[in-house]
Amino acid sequence: MKIFLVFQVVIISTVSLYQVNGCGTNNVECLTDTTYQFCFIVDSQVTYVDGVMTCATGTTCNENGTYVCMDSSSTDSTSTTTTSATTTTTTATTTDATTTTTTATGPPETCTEAGKYPADACDQYWECLAVMWWYELVLQSCGTDLSYNSTSQECVANGTCSTTTTTTETTTVTTTATPATGPPETCTETGKYPADACDQYWECLAVMWWYELVLQSCGTDLSYNSTSQECVANGTCSTTTTTTETTTVTTTATPATGPPDTCTETGTYTADACNQYWECVAVMWWYELVLQTCGTDQAYNATSQACGANSTCIL
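Here's what I pulled together on the structure shown here. All values reported here derive from a predicted model rather than from experimental measurement.

Regarding the nonpolar core
Among the nonpolar cores identified, the biggest contains eight residues, and these are Ala56, Tyr67, Cys111, Ala119, Trp126, Cys128, Leu137 and Leu139. For this core, the secondary-structure elements that each account for two or more residues are β8 (124–131) and β9 (134–141). Apart from the residues lying within four places of it in its own chain, the contact partners of Leu137 are Tyr67, Pro107, Pro108, Cys111, Trp126, Glu127 and Cys128. Listed in part, the seven residues of the second largest apolar core include Phe38, Cys55, Cys61 and Val68.

Focus on the sheet that holds β9
With respect to topology, three strands assemble into an open sheet ordered β7-β8-β9, the strand pairing being antiparallel. Two strands in the sheet have a free side with no partner beyond their single neighbour: β7 (115–118) and β9. Across the sheet, the mean angle from the axis of one strand to that of its neighbour is 25°, orientation sign disregarded. Where β8 meets β9, eight bridges bridge the pair, whose relative direction is antiparallel. Bridging across to β9, Glu127 finds its partner in Val138.

Concerning the state of the cysteines
Under the defined criterion, the tally for this structure stands at 11 disulfides. Here Cys23 connects covalently by a disulfide to Cys39, the sulfurs 2.1 Å from one another. Negative torsions about the S-S bond denote left-handed disulfides, and the value of about 100° found for Cys23 with Cys39 makes this one right-handed. Separated by 16 residues along the polypeptide, Cys23 in the loop between α1 (2–13) and β1 (28–30) and Cys39 in strand β2 (residues 35–42) bring together distant segments of the chain. A residue is classified by how much of its surface remains accessible, and Cys23, at 0% relative accessible area, is buried. Overall, Cys39 belongs to the buried group, its relative accessible area being 3%. Shown here is the disulfide that connects Cys218 with Cys231, its sulfur atoms set 2.0 Å apart. Disulfide Cys218 to Cys231: torsion about the S-S bond roughly -75°, handedness left-handed. Note that Cys218 is positioned in the loop between β14 (210–217) and β15 (222–225) and Cys231 in strand β16 (residues 230–233), a separation of 13 residues in sequence. Judged by relative accessible area, Cys218 falls into the buried class, the value being 5%.

Looking at the side chain of Thr59
With respect to the helices, strands and loops of the structure, Thr59 is situated in strand β5 (residues 59–61). If we ignore the near neighbours within four places in the chain, the residues touching Thr59 are Thr34, Cys69, Met70, Asp71, Ser72, Trp126 and Leu139.

Rules of the game
- Along each chain, residue indices are assigned from 1 in the same order as the chain's sequence is written.
- Only residues with pLDDT of 70 or above have their local features reported here, since the model is predicted, and side-chain atom pairs are shown and tallied only from 80 upward, although totals for entire chains, interfaces and linings are computed over all residues.
- Only hydrogens and water are set aside; all other atoms, that is, all heavy atoms of the structure, feed into the side-chain values.
- As used in this record, nonpolar core signifies buried Ala, Val, Leu, Ile, Met, Phe, Trp, Tyr and Cys residues forming a set joined through side-chain atoms within 4.5 Å.
- Buried, partly exposed and exposed residues are distinguished by accessible area as a fraction of the type maximum, computed with a 1.4 Å probe on protein chains only: under 20%, between the cut-offs, and over 50%, respectively.
- In DSSP terms, a helix is any run of H or I states spanning at least four residues, a strand is any run of E spanning at least two, and both are numbered starting from the N terminus.
- We call two residues contacting when some pair of their heavy atoms lies within 4.5 Å.
- Being paired, for any two strands, means DSSP has found at least two bridges between them.
- Axis lines are fitted to C-alpha atoms, over the contacting stretch for helices. Their N-to-C directions set the angle, which ranges from 0 to 180 degrees.
- Criterion for a disulfide: a pair of cysteine sulfur atoms at a distance within 2.5 Å.

Written as structure tokens, this is what we have:
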């Protein structure tokens, strides 16, 4: 405990120093336009405390601003909107009320607590994430055919989001699954890699200044796509066998057992509400118990330990 307090005092006392030897006023040094590393200054010497981090797509590193990664297109949003308005004036009768989307307000001026906010793209959102004793603003992307709903603050089935144009044709599509290559021998940066099961993937996650390799599972009726590096609607993934019968099935939900008495390893457990579950999450060298909530029209499946389409869950 004494060692931790001394380390924290040293870190906090250097936050307000001006830029020295590349370490910015927000305790970040930009290595490239999209990569950066956290740093602090002691006796005019720069010390780095994390590994190399990467900004989200569409953002660039800023070592002297309020946020580390800023939207690279935000400075052009006003002029783009004005041009669009004058261009579509003559076609207002055909385009008015075609879509109803939430106006992207961008991130808050000061990120002081965890939260989600709409972004410029309808399939993206800004999220304030707690990193030790400060907050980091990250641009997140919803999966394929999903859009961000600012009311429920979740990614939901794509309604009017026109980011992706879907063309329906009567064609025969042959899907060739990418062979599972397993995780890399050395996990040195964030990334996703196919696993042996078509509904799973390996993910390298940044934990402070090192990386952890974690086996992730897609939800029910989803499979991992190595091209888009996302979980998408299940095409040829044969992990789950679906049998169609004319029968009446009565589903008895697994009783909520609550979290374990002692959280000593990662895992998920049923909660009282059928659309929620408890998850043991590794935080540095200890574990935290967190109550997670499934998305809209989803319920937690204790067998697959994942959120799936809501069938009998009544809230």
